[in-house]
Amino acid sequence: MPVQVTVDEFGLWWIFLDIPVFCIIILVFFYWRFFQNKSALPYYMIMRFIILGMIVFTVMDTIFDLISCKMLTVTMEYFSVFYITYNLVVFGTSLLWFRLAQKTLGYHKGPLVVAVWISIVACAILAVTYFFNMKEFCYQENGSIVLGPLDALWYIFEYLPVLWTFVLAQMYFLDKRFMLLREKCFPLLVSAYLFLIFGFLQYVVDQYPVFEVGVTLAIVYLYQSLSNTLISVDELTDLKNRRQLFKDMNEKMLDKSADTYLIIYDVNKFKDINDTYGHTEGDQALIATASTMKEICQGRNAQAYRYGGDEFFILKVVEPNENIDVFCNDVMEAMRYKNLSLHKPYAVELSYGMVRFRDCISPYLSDIIKLADQKMYAMKVISHATRR
């Protein structure tokens, strides 16, 4: 028989099973809640996999603890596959945490991405090394497990993506260029901190299910944060919605130190795109517009919103050495390049109008939006007249 279970006392089983079972119940509940939500937002898709990974890990970690205490014995071959899978599940969950930060903050290129790839290569090398040399490293002939230096490397490389998540969120949180992303950074900071602290405690107190508790707390916190995010995000374009726009406008109106502009963009002849090519293609035009605005706003202390229909807004905080007209033209130019790359039978063209908060006499948001809309409409009229 390759597997043999021995139970000395029921109490020993309870020590290793009560906390993991409790964590699994919580994780399954939140997985069910995420599964019920059919949102296609990338945050929700990634969170489903993170929770699923942690459920698998919690089960495997309980089995690992039972093997460590010789309450469960397995053959060398079984343990080799089990131990490698066990570590790769943790590493996969850690990678998903970094991926969540990438999607949330729009970070796709940079030194931290390279660092994550180094971690992937290192873990792959460790997995192959352990598979062929398990007996030499940690699993003894008498069934006991002795962790050595290479096991410490497993812990380091497994948790590195979460460490980079913490570093990335910290960078964005402290950088003035990403001031409007601070609300997104904080949940990533807290959850990554919990992951790392409880992961370290797990290494120190290896025979107790500490890590599961920390990650379960992190997931509960992320769930609450993402639930708030869903309320303020437009599902089609993944931009902030009208509700969040009003909230952010109120904050910027009160911040007298910031030189804030409200810019409204409208897709020219959007109805013609819908009527000629269908509503699905119209949605694609809106998504292309939204992704262009996201790219331009990245790192420029600006936030894009979908107001409704084919109307988009950008809140832009202008630095002393910046020119708002350059920023607006950058959006228009980026849209032209986007049209060339999409190879569509139509071109998405924009008109815009902008208002400086400091120049507004009325304190009402509706009046500020109305003024920006009037300026945008004037530009649209001039654009149509020029074509004729």
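Structure: above.
Reference entry: report on the structure contained in this document. All values derive from a computational prediction rather than experimental measurement.

Our next topic: helix H9 (residues 270–277). Among the residues of H9, those classed as buried are Phe270, Ile273 and Asn274. Along the long axis of H9, the arc covered by the buried residues comes to 95 degrees, so they all point the same way. Turned more than 90 degrees from where H9 packs its buried face, Lys271, Asp275 and Thr276 sit exposed. Buried residues along H9 sit against strand S3 (260–267) and helix H10 (279–297). Of the residues flanking the end of H9, it is Gly278, one or two places downstream, whose phi is positive at about 100 degrees.

Remark: H10 packs on helix H11 (residues 324–342), axes separated minimally by 9 Å, with the N-to-C direction vectors making an angle of 130 degrees. Judged by the inter-axis angle, H10 sits oblique to H11. Our pair here, H10 against H11, has a crossing hand that is right-handed. Of H11, the residues touching H10 (which contributes Ala288, Thr289, Ser291, Thr292, Met293, Glu295, Ile296 and Cys297) are Phe327, Asp330, Val331, Ala334, Met335, Lys338 and Leu342.

With that settled, consider H11. Owing to its 3.6 residues per turn, the α-helix brings residues three or four apart onto one side. The first and last C-alpha atoms of H11 sit 27 Å apart over 19 residues, in line with the 27 Å expected at 1.5 Å per residue. Along H11, the residues that are buried comprise Ile324, Phe327, Cys328, Val331, Met332, Ala334, Met335, Lys338 and Asn339. In an axial view of H11, the angular spread of the buried residues amounts to 155 degrees, which keeps them on one side of the axis. Facing away from the buried surface of H11 by more than 90 degrees, the exposed residues are Tyr337 and Leu340.

Cut-offs used in this document
Residues numbered from 1 in each chain as written. Predicted model: local features only at pLDDT ≥ 70, side-chain atom pairs only at ≥ 80, totals over all residues. Heavy atoms only, no water. Buried < 20%, exposed > 50% of the residue type's maximum accessible area, 1.4 Å probe, protein only. Helix = DSSP H or I, 4+ residues; strand = E, 2+ residues; numbered from the N terminus. Arc of directions from axis to C-beta. Contact = heavy atoms within 4.5 Å. Axes fitted to C-alpha atoms, helices over the stretch in contact; angles between N-to-C directions. Parallel < 35°, antiparallel > 145°, perpendicular 65-115°, else oblique. Left-handed = near helix turned anticlockwise from the far one by under 90°. Expected span 1.5 Å × (residues − 1).

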